[in-house]
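What follows is the residue order along each chain.
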Amino acid sequence: MEGGVAGNTVPPNSFDKSKVLDVKPLRSLLPVFPEAPNGPPFLCAPPNGPFPTGFSPFFPFSGPQGTPLTPGLNQNLFNSTAMPIRSFRAEPPPASNGENVQSSNKRKSVGPSSVKKKVKRSNDSELALAALTNFKPGIIAAEKDDGNRELVENVLMRFEALRRKLSQMEDAKESHSEIFKRANLKAGNIMFTKGVRTNGKKRIGVVPGVEIGDIFFFRMELILIGLHSQSMAGIDFMPMKADIEGERVAISIVSSGGYEDDAEDPDVLVYTGQGGNASADKEASDQKLVRGNLALERSLHRANEVRVIRGFKDATHQTSKVYVYDGLYKVQESWMEKGKTGCNMFKYKLVRLPGQTGAFSTWKSIRKWKEDPSSRDGLILPDLTSGAESIPVSLVNEVDDEKGPAYFTYVSTVKYPKSFKLVQPSYGCNCRDACQAGNSNCSCIQKNGGDFPYITTGILACRMPMIFECGSSCPCFRNCKNRVLQTGFKVHFEVFKTRDKGWGLRSWDPIRAGTFICEYAGEVIEKIKEKADGDDGENNDYVFNTNRVYESFKWNHETESAEERSDTSEKFDIPSPLIISSKNSGNIARFMNHSCSPNVFWQPIMFEHNNEAFLHIAFFAKKHIPPMTELTYDYGIPQSDEAESNNMEHGKKKCLCGSLKCRGYFY
């Protein structure tokens, strides 16, 4: 800790911390209008904020805008050298000249009906969008203020399901870079309108149900679960109840590269205050000791805990960001110094509270392993697949001296002893370049019910009875968006030795909900051998059987309209049971352990080869999965008649998943 702190202090001789600049109190400066109590406004936003044309803002975006700060207002307040921030007063009161600061920024409230009016669609699309809003929140008033782990995960999964469905609908209508931002905002609009949120009450410190290391891919997710309520600003704050003047302190910050932060130390963050950045219509200016900056300064003196969320570029989707909750910090020091633009910037040194679970420190370690795989502690093999996969899979043991699992042949797909035919022959599409969403002439899309099964980023949109991918006879490109399984996984995995469950599988990369994990590779077998035949337990350890009973769960976006086409059935429609053994040959899927509360699920996928359709089992992420989290799925239980005829009771094993819903055993 001490070494980390020293590495982030301000260089010597850059300023004299013993000097306090004699400045005029802030009350003598031009008044700054505070934000509305409903929610914080954007710092610098166009008339309609970041929203696309034709789409209205909503809470927490719809608060009235404060009067913009005058550029250069405090330019002479500080000299060019860095100095402590020790002298401040409460924020200036709102203007009393009778001017209506909301007149030019008045916004309509948004509900389900206004969403349909603002978004230009065909009649069918309007009906589909209206049906998406037709669901019950299922959250009582108390839960909206204070949540728990189950509720937080429920809100996030429902938001992501709605966002994916909206993205799928957008893909079918148009193609441009704003699709996913719009789907994100539309999903947030519907969630807030329906009251599907939790931890709405602001608080200092721990947020119920949110764990250190949790990851998010949209700022809207932070707002929905109460981790950070600011839609764009990096500093969130709240008033202290005991303070008559409503003094505000910082409660959370987001550091994601928009400012000149020093964010490489996992225990210390030197955070740059908000404001002053140049934009398309204004020049850079000195930052001012108001709003979030003033709240951080007050947190320094009050020594209250501040939540820190760190943001990075998403390695899988370079145009996106991923956010990780890094735990609680305290502001230890503050000063002002010249930034790269030559303007004065506030700096706040935050130190992580000891004894917390590692989060950003894990990301730092992974970055080092990617640069130098040999630096990974416990590394046995840098690539378990011997080049069979485009991305290497590390084999690691940090637990004991075992040098690896029993020998098997690595194969990347399933092998059939004979053709697995459908009732009718399978034919490919006639798309000449790449299959396009909404193309009614694409036979592969029609097989999928008229919807593209994946959104543009390759994320699975919905669970389906069966997904039909383009096959070998389809003339479309190899990288067609309808070939997700066939192009292989895009995540850096490692097979690792667990402490009590043998070998397991986890990822070095953050995984977004709906991401393709891998296929279950191996040899298709006609029936499961019984242990009495001399088999050594193949039926228990390395077999996947579609005929088992699996715990049902809801992953698609729910609606209350039985006729709504987006309410896709999640009951699989498999033409014939499929049994795959990975004992002698298989891939990384054979290392995934069972859990009664899994973070991975399976989906049947079929595609054509030589005019014959073959069934494959693909695994997808059920929810967002942080790096170095073990990947698990539900092994299911045998059908009752199968259990009786084969005396499957002897195959029961004690479950060690540790989840609250653990049933105590698995097969």
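Please read these numbers as outputs of a predicted model, since none were measured by experiment.

The rules behind these values
Residues numbered from 1 in each chain as written. Predicted model: local features only at pLDDT ≥ 70, side-chain atom pairs only at ≥ 80, totals over all residues. Heavy atoms only, no water. Helix = DSSP H or I, 4+ residues; strand = E, 2+ residues; numbered from the N terminus. Buried < 20%, exposed > 50% of the residue type's maximum accessible area, 1.4 Å probe, protein only. Contact = heavy atoms within 4.5 Å. Areas by Shrake-Rupley, 256 points an atom, 1.4 Å probe, with all protein chains shown as cover. Pairing = 2+ DSSP bridges. Axes fitted to C-alpha atoms, helices over the stretch in contact; angles between N-to-C directions. Core = buried A, V, L, I, M, F, W, Y, C linked by side-chain atoms within 4.5 Å. Phe/Tyr/Trp six-rings, centres within 6.5 Å; stacked < 30°, edge-to-face > 60°. Lys NZ or Arg CZ within 6 Å of the ring centre and 35° of its normal. Expected span 1.5 Å × (residues − 1). UniProt positions renumbered as here; feature names shortened; annotations may be inferred.

Novice: Help me understand the overall build of the chain in this model?
Specialist: Helix and strand counts for the chain stand at twelve helices and 26 strands. Here the chain, with 667 residues, has 53% of them falling under the buried criterion. Long-range contacts, defined here as pairs at least 24 residues apart, represent 72% of the contacts in the chain between residues at least 6 apart. Within the structure as shown, the chain displays about 30,500 Å² of accessible surface, and the carbon and sulfur contribution to it stands at 50%.

Novice: When you look at the sheet that holds strand E14 (residues 493-497) in this model, what are you seeing that I'm missing?
Specialist: Within a sheet, each strand pairs with its neighbour through backbone hydrogen bonds, oriented either parallel or antiparallel. Spatially, four strands are ordered E9-E10-E14-E15 in an open sheet, and the strand pairing comes out mixed. Since the sheet does not close on itself, it has two edges, and those belong to strand E9 (379-381) and strand E15 (503-507), each with one partner. Each strand of the sheet is rotated relative to its neighbour by a mean of 35 degrees, with strand direction disregarded. Bridge analysis of E14 against E15 gives five bridges, and the strand direction is antiparallel. Considered in E15, the bridge of Phe-493 is made with Ser-507.

Novice: In this structure, what is going on with the nonpolar core? I would like to understand it.
Specialist: Nonpolar side chains in soluble globular proteins tend to end up buried together. In terms of nonpolar packing, the biggest core is built from 58 residues, with Phe-489, Phe-493, Ile-517, Met-592, Phe-619 and Leu-631 touching the most fellow members. Going through the elements one at a time, E14, E15, strand E16 (516-519), strand E22 (600-609) and strand E23 (612-621) are the ones with two or more residues in this core. Not counting chain neighbours up to four residues away, the residues in contact with Ile-517 comprise Phe-489, Phe-493, Ile-511, Val-600, Phe-619, Phe-620, Ala-621 and Leu-631. Counting 40 residues, the second-largest nonpolar core is a separate cluster that includes Ala-183, Met-191, Val-196 and Ala-359.

Novice: How do you make sense of the environment of Ile-579 when you look at a structure like this?
Specialist: For Ile-579, the position within the fold is in strand E19 (residues 579-581). For Ile-579, a relative accessible area of 11% gives the class buried. As for Ile-579 and Thr-546, which are separated by 33 residues in sequence, their C-alpha atoms are 6.6 Å apart.

Novice: What should I look at first to understand the packing of aromatic side chains in this one?
Specialist: Each aromatic ring pair is characterised by the separation of its centres together with the angle its planes make. Tallied over the full model, the rule gives 26 aromatic pairs. With centroids separated by 6.4 Å and ring planes inclined at 50 degrees, the aromatic side chains of Phe-408 and Tyr-410 adopt a geometry described as tilted. Look at Phe-544 and Tyr-633: their rings are 6.2 Å apart centre to centre, the planes differ by 45 degrees, and that puts the pair in the tilted class. Of this pair, Phe-544 sits in strand E18 (residues 543-545) while Tyr-633 sits in strand E24 (residues 632-633); the two residues are 89 residues apart in sequence, bridging distant segments of the chain. Relative accessible area serves as the criterion here: at 4%, Tyr-633 is assigned to the buried category. An aromatic cluster is present here, built from Tyr-520, Phe-544, Tyr-550, Phe-572, Trp-602, Phe-619, Tyr-633, Tyr-635 and Phe-666 joined pairwise through their rings. Looking at Arg-506, its charged tip hangs above the ring of Phe-496, at a distance of 3.8 Å from the centre. Over the ring of Tyr-542 we find Arg-590; its NZ or CZ atom is 4.2 Å from the centre of that ring.

Novice: Which parts of the structure should I look at to understand the sheet that holds E22?
Specialist: The strand order across the open sheet formed by four strands is E13-E22-E23-E16, and the pairing between neighbours is mixed. The outermost strands of the open sheet, each flanked by one partner alone, are strand E13 (467-468) and E16. In the sheet, E13 pairs with E22 via two bridges, with the strands oriented parallel. Directly across from Phe-468, in E22, lies its bridge partner Met-606.

Novice: Sorry, what's going on with helix H9 (residues 360-371) here?
Specialist: Owing to its 3.6 residues per turn, the α-helix aligns residues three or four sequence positions apart on the same side. Its twelve residues place the ends of H9 17 Å apart at the C-alpha level, agreeing with the 16 Å of an ideal helix rising 1.5 Å per residue. Within the sequence span of H9, burial applies to Phe-360, Trp-363, Ile-366 and Trp-369. Looking at the buried positions of H9, the neighbouring elements they touch are strand E2 (215-216), strand E6 (305-313) and strand E7 (321-338).

Novice: Honestly, the UniProt feature "domain: Post-SET" (unreviewed entry) in the chain in this entry has me stumped. Any pointers?
Specialist: Residues annotated in UniProt with the feature "domain: Post-SET" (unreviewed entry) correspond here to residues 651-667. As annotated, residues 651-667 comprises 0% helix and 24% strand, and the C-alpha atoms at either end are separated by 6 Å.

Novice: Looking at this structure, how should I read the environment of Ala-131?
Specialist: If you trace the backbone, Ala-131 turns up in helix H3 (residues 123-132). Ala-131 gets classed as buried once you look at its relative accessible area, which sits at 9%. In this structure, the C-alpha to C-alpha distance between Ala-131 and Glu-558, residues 427 residues apart in sequence, is 9.6 Å.

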